[in-house]
Amino acid sequence: EAESKLAYEAASDLWNKQAPIGWQHGLTGTEIHILKLLSKEPNTAKIAQELILAPGTIRSHLRTLRLKLRVDNRAQLMMVAQAFVKSLQDKSEEE
């Protein structure tokens, strides 16, 4: 649990930086869209259905996201995705 909390805090810090996510990590629009969906829906098949892509394509994007964001597993990737979406909501509320 302590490790999860640290991972979430690290993810939150990551998204509080001033540069947009794509610039920070070289993410594509599709990868950003997948992160947004992943924050709400952990099911690969449902994400694939939403994006009209094959589940294998989504799994490939998720592997790439884990590498680019330097996380070890899907649980950490989901925490990063949730922190990212929360930071977007916080920024939109500030404006």
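Presented here is an overview of the structure given in this document. These numbers were taken from a predicted model, which means no experiment stands behind them.

With that settled, consider the overall build of the chain. In terms of regular secondary structure, the chain is built from six helices and zero strands. If you list the helices and strands of the chain from N to C, you get α-α-α-α-α-α. By residue count, 36% of the 95 residues in the chain fall in the buried class. Of the roughly 6,200 Å² that the chain leaves accessible, carbon and sulfur atoms contribute 51%.

Looking now at the nonpolar core. In this structure, Leu35, Leu38, Ile58, Leu62, Leu65, Leu69 and Leu77 are the most contacted members of the largest nonpolar core, which totals 20 residues. Elements that contribute at least two residues to this core include exactly helix 3 (29–40), helix 4 (44–51), helix 5 (55–69) and helix 6 (74–94). Broken down by element, the residue count for this core peaks at six residues, all from helix 6.

To continue, consider unusual backbone geometry. Phi angles above zero are rare outside glycine, and Ile52 is one such case at about 55°. Position of Ile52 among the secondary structure elements: in the loop between helix 4 and helix 5. At Arg70, a position not held by glycine, the phi torsion is positive, near 55°. In this fold, Arg70 is placed in the loop between helix 5 and helix 6. Classification of Arg70 as exposed rests on a relative accessible area of 75%.

So, on to the packing of helix 4 against helix 5. Put simply, helix 4 and helix 5 touch, their axes get as near as 8 Å, and they point 105° apart. One finds that helix 4 runs roughly perpendicular with respect to helix 5. Judged by residue contacts, Thr44, Ile47, Ala48 and Leu51 of helix 4 engage Pro55, Ile58, Arg59 and Leu62 from helix 5. Along the lines of polarity and charge, the residues of the contact of helix 4 with helix 5 split into six nonpolar, one polar and one charged.

Reading the values: rules and limits
Residues numbered from 1 in each chain as written. Predicted model: local features only at pLDDT ≥ 70, side-chain atom pairs only at ≥ 80, totals over all residues. Heavy atoms only, no water. Helix = DSSP H or I, 4+ residues; strand = E, 2+ residues; numbered from the N terminus. Buried < 20%, exposed > 50% of the residue type's maximum accessible area, 1.4 Å probe, protein only. Areas by Shrake-Rupley, 256 points an atom, 1.4 Å probe, with all protein chains shown as cover. Core = buried A, V, L, I, M, F, W, Y, C linked by side-chain atoms within 4.5 Å. Axes fitted to C-alpha atoms, helices over the stretch in contact; angles between N-to-C directions. Parallel < 35°, antiparallel > 145°, perpendicular 65-115°, else oblique. Contact = heavy atoms within 4.5 Å. Nonpolar A, V, L, I, M, F, W, Y, C, P; charged D, E, K, R; others polar.

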